[in-house]
Amino acid sequence: MFRKFISILASLFIIFSSAFSTVNAESARGKVIFINMSRTSLENMMNIKEIGNRVEKEGYVGLMNIKGDQGNDDARSLATMGATGRSTIAQFDKKVAVDFVQPNVAEAKEYEASTGKKAKKIVNMEANRSSNENIEKGEFESTLGMVGQILSENGYKTSVIGNADYVDFDGQLVKNRNIAFAAMDNYGRVDDGNIDDINIKDNSMPFGISTDYKKLKAETKELYKNTDAIYVDLGDTYRLDEYKMNLNENTYAKMKAKTYSRINSYLKEVFSMVGENDTVYIVSAFPSNLDYSNKKRLSPVMKFSKGVSGKGVLTSATTRRDGIIANMDIGVDILNHFGLSNEMMLGRTISNVEKENNIKFLQKEYSKINSAALIRAGVVNTFVGVVSASWVIGLIAVLLAKRIAPKYKDKLFTILKELIKFGIIMPLSFMLAPIFNFSGQVSMSLAVIGVTFLIYFIAKAMFKDDDLKQMGFIALVTIVLIAVDAVFGTYLMKNNIMSYDAMVGARYYGIGNEYEGVTIGSAVFAFAVLLYYKKIPKWVAAASFGVILITSAYPSMGANVGGAISECAAYLLFVLLMYNVKVDWKKIVGIGLAVVAVVGVFAFMDLSSGSPSHLGLFVQQIMLNGPGEIVLTFTRKIQMNVKLAQTSVWVNILIVGIVIIAALIFKPNKHFRVIAGKYPMVFRGFVAAMVGCIITLLVNDSGIVAASTASIYILIPVMIITINMILNEDKKEKIDANR
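Quick look at the structure, then. Since the structure is predicted, the reported quantities are computational estimates derived from the model, not experimental observations.

### Quick word on the packing of aromatic side chains
Considering all chains together, one arrives at 20 aromatic pairs under this definition. Note on Phe 286 and Tyr 292: the rings are 5.2 Å apart at their centroids and 25° apart in plane angle, and the pair reads as stacked. With a relative accessible area of 6%, Phe 286 lands in the buried category. Taking the relative accessible area as the measure of exposure, Tyr 292 reaches 23% and is therefore partly exposed. Three or more aromatic residues link up through ring pairs in this structure, and these residues are Tyr 166, Phe 207, Tyr 238 and Tyr 243. Looking at Lys 244, its charged tip hangs above the ring of Tyr 252, at a distance of 4.8 Å from the centre. Sitting above the plane of the Tyr 533 ring, Lys 469 keeps its charged end 4.8 Å from the centroid.

Below, the structure written as structure tokens:
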């Protein structure tokens, strides 16, 4: 009897202990409060006293990429925060399908009939429409409401309070409850909240509408008690931005001051309410209309965790860049707060980077990103235009060489030759310019121009009249710099005008598509020139290709899977040609298998790293969604290349290049054959680089861009060699005539 009593007592002790520890574990995680201040810049956020004072002492701040799918706006950005990846939403009759309501009995029945799910406090009456839009038309086929779904499945409750309702030009109230996209489950449901009765009439505010801050404070406290993740929309900032065109400078300043004062009062209440293990996110889901039009397309994010001391900036494995995160990281980070995750979600958890001068750092970074975005099109278009034009003029001059008057020919070809040479210098100039850390548009442009002429005169001084050595030297410095930069975190690549853009968000780190082509072309050409002049043994070239391939494709360095495929094929082919190996079908199959093996090794290393890059994420998606993911990815790549073929300036280089190669195969006097005989090792390099161009065109989503930049290291040397051969023939003729 005594033993039974002891057993029962022990069992009860274990049960209560486990229950108590579970409660403690859950309470230790704390709660999340997500506050949306859409259309607010970092500078304006800092003007709110509660935020400015707090950021001086604690908290972590970042700039967020706001990209959605099939377009960019507040709704898509918020939807992406709660989804598996970049998301789109259904549109019809010029209105976004954001029919979030607190359903009455009839609406609840209608919702349940269309979704087959029981209605909750807040539902999206058009949930199926937006979900189907992502599946049928979305580029990424994202699943909406994944954050809310995972929280719900694990016993956590979400709530939404606030809206950004406004009045349209016809005087009709437009219901804007986009905030619920971030909190809802897969079926458009939110457990609790208030999105209907939270505003008051106030003619001193935009559209005569203001958030009822008294009610907002009281209901936030209630939701804090009853739910775990509270999403708040301070709609006044959105309304202020939409109403701005109706105001003058003075009235806008008054409304802005009143809005920020009320927000300040609310934030004080929130920070006094939160517990030790809670996390508060203050986010602007989308930039203001003015900022967006001026290409300032990153939004501020602030994260305050009561249990975390210190201050600094935010980052994530998505961007691998201090101070920059993506909107799809927000939902993953909220799940991580509760100890949860989901493999389908493409975002990554947010990390804190200690930095005392965090705001100044972000302002400097943003200035550089914004300045690069504003001048990128002009600078790159000028570069491509000059290169293409010089090639066309050069080709015409070569084809009409016999008809050019002898007294002009030498000077004309010499000037053309030097002009064409700048095309091979520019990729290196773009790489070196960020060393100066300029952030203004003029200073960044002048840095590129200054560095370009400096490289030109250095190469000219070192190798005088040997054009091949000059070009080989420039190509060698370029590929060495790319490899070294990849090893040390790709700082130069991230801040490069010709490289990728954090605001576009197609890539945030590693070697971009523009420089993938440069990596193929410059490496092959540089080592071909070194081998032609017998400056290095062949095994050094082969080993160097291996090192370059690793720096280009390794997940924590270049992280470019397209580069791994095309570089591997081009480098292996050149090594075979370098050793005079006859390339037959067996060798081609062997190269193909080697490429597959290399990609497989890098994929394994990427997945094992814990923070997979593009290749690792691609493999993960195949494992989750099946082989169909391969078809989806390559379909997307083809669509992107078709789009680039129609819109990108880079296609001009490719078209001109094809014309030049076609022309020089037959004229003058089957010129390619002459080059192959006179410069055998360099010509083999051209062949290998051409193969690299073709492969990168097929396997990369910006293959046209990569193929164009790779072709620079084929066509410029070909043009200059051709011009020199013509000039040498003329000199011979003059010598023979004088004998």
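### Considerations on the pairing of strand E7 (residues 158–161)
Here E7 shows two buried faces, one formed by Thr 158 and Val 160 and the other by Ser 159 and Ile 161. Sheet topology note: the E7/strand E11 (residues 192–194) ladder contains three bridges and is parallel. Each bridged residue has a counterpart across the sheet, and for Val 160 the counterpart in E11 is Gly 193.

### Description of the nonpolar core
The biggest cluster of nonpolar side chains holds 83 residues, and the ones touching the most others in it are Trp 391 and Phe 525. With 17 residues, the single largest contributor to this core is helix H28 (residues 703–738). Within the second largest apolar cluster, 47 residues are counted, among which are Ile 51, Ile 230, Val 353 and Tyr 508.

### Some details on the environment of Asn 47
Structurally, the position occupied by Asn 47 is in the loop between helix H2 (42–46) and helix H3 (49–57). Residue class for Asn 47 comes out exposed when judged on its relative accessible area of 52%. Taking the C-alpha atoms as reference, Asn 47 lies 8.1 Å from Tyr 260; in sequence the two are 213 residues apart.

### Description of the sheet that holds strand E10 (residues 189–190)
If you walk across this open sheet you meet the three strands as E5-E6-E10, and the pairing is antiparallel. Where the open sheet ends on each side, the last strands, each with one partner, are strand E5 (100–101) and E10. In this structure, E5 lies alongside strand E6 (residues 122–124), joined through two bridges in antiparallel fashion. Across the sheet, Val 101 pairs through a bridge with Val 123, a residue of E6.

### Things to note about the pattern of salt bridges
According to the stated counting rule, one finds 27 salt bridges in the structure shown. Across the salt bridge formed by Arg 262 and Asp 202, the nearest N and O atoms sit 3.1 Å from each other. Pair noted here: Arg 262 is in helix H11 (residues 249–273) and Asp 202 is in the loop between strand E12 (199–201) and strand E13 (209–211), with a separation of 60 residues, a long-range link. For Arg 262, a relative accessible area of 25% corresponds to the partly exposed category. Note that Asp 467 and Lys 417 form a salt bridge whose closest N and O atoms lie 2.9 Å from each other. With Asp 467 in helix H17 (residues 467–487) and Lys 417 in helix H15 (residues 406–432), the pair connects residues that are 50 residues apart, well separated along the chain. The residues Asp 467 and Lys 417 share a single accessibility class, namely buried.

### Section: helix H9 (residues 213–226)
For H9, which comprises 14 residues, the first-to-last C-alpha distance of 20 Å matches the rise-based estimate of 20 Å (1.5 Å per residue) to within 8%. Looking at H9, one finds that the buried residues are Tyr 213, Leu 216, Thr 220, Leu 223 and Tyr 224. With its buried residues spanning 105° around the axis, H9 presents them on a single face. The outward face of H9, more than 90 degrees from its buried face, is lined by the exposed residues Lys 214 and Lys 225.

### Remarks on the pairing of strand E1 (residues 32–36)
Burial analysis of E1 places five of its five residues in the buried class, which makes it a mostly covered element. The alternating pattern of E1 places Val 32, Phe 34 and Asn 36 and Ile 33 and Ile 35 on opposite faces, both of which are buried. Bridge count for E1 against strand E14 (residues 229–233) is five bridges, and the pairing is parallel. Of the residues in E14, the one forming a bridge with Ile 35 is Val 232. Looking at chain direction, E1 and strand E15 (residues 279–283) are connected through five bridges and run parallel.

### Section: helix H19 (residues 513–532)
Over its 20 residues, H19 extends 29 Å from the first C-alpha to the last, a length consistent with the 28 Å expected when each residue adds 1.5 Å. The element H19 is extensively covered by neighbouring structure, given that 19 of its 20 residues are classed as buried. Among the residues trailing H19, Lys 534 stands out with phi positive, at a value near 55°.

### Observations regarding the packing of helix H14 (residues 358–399) against helix H16 (residues 441–463)
It is at 9 Å that the axes of H14 and H16 come closest, and there the two elements cross at 55°. Judged by the angle between their axes, H14 and H16 are oblique. For the element pair H14 and H16, the recorded crossing hand is right-handed. Where H14 abuts H16, its residues Lys 368, Ser 371, Ala 372, Leu 374, Ile 375 and Val 379 lie against Gln 441, Met 444 and Ser 445. Grouping the amino acids of the contact of H14 with H16 by side-chain chemistry returns five nonpolar, three polar and one charged.

Conventions we followed
- Residues numbered from 1 in each chain as written.
- Predicted model: local features only at pLDDT ≥ 70, side-chain atom pairs only at ≥ 80, totals over all residues.
- Heavy atoms only, no water.
- Phe/Tyr/Trp six-rings, centres within 6.5 Å; stacked < 30°, edge-to-face > 60°.
- Buried < 20%, exposed > 50% of the residue type's maximum accessible area, 1.4 Å probe, protein only.
- Lys NZ or Arg CZ within 6 Å of the ring centre and 35° of its normal.
- Helix = DSSP H or I, 4+ residues; strand = E, 2+ residues; numbered from the N terminus.
- Pairing = 2+ DSSP bridges.
- Core = buried A, V, L, I, M, F, W, Y, C linked by side-chain atoms within 4.5 Å.
- Salt bridge = Lys/Arg side-chain N within 4 Å of Asp/Glu carboxyl O.
- Expected span 1.5 Å × (residues − 1).
- Arc of directions from axis to C-beta.
- Axes fitted to C-alpha atoms, helices over the stretch in contact; angles between N-to-C directions.
- Parallel < 35°, antiparallel > 145°, perpendicular 65-115°, else oblique.
- Left-handed = near helix turned anticlockwise from the far one by under 90°.
- Contact = heavy atoms within 4.5 Å.
- Nonpolar A, V, L, I, M, F, W, Y, C, P; charged D, E, K, R; others polar.

Everything listed is a geometric property; what it means functionally is a separate question.
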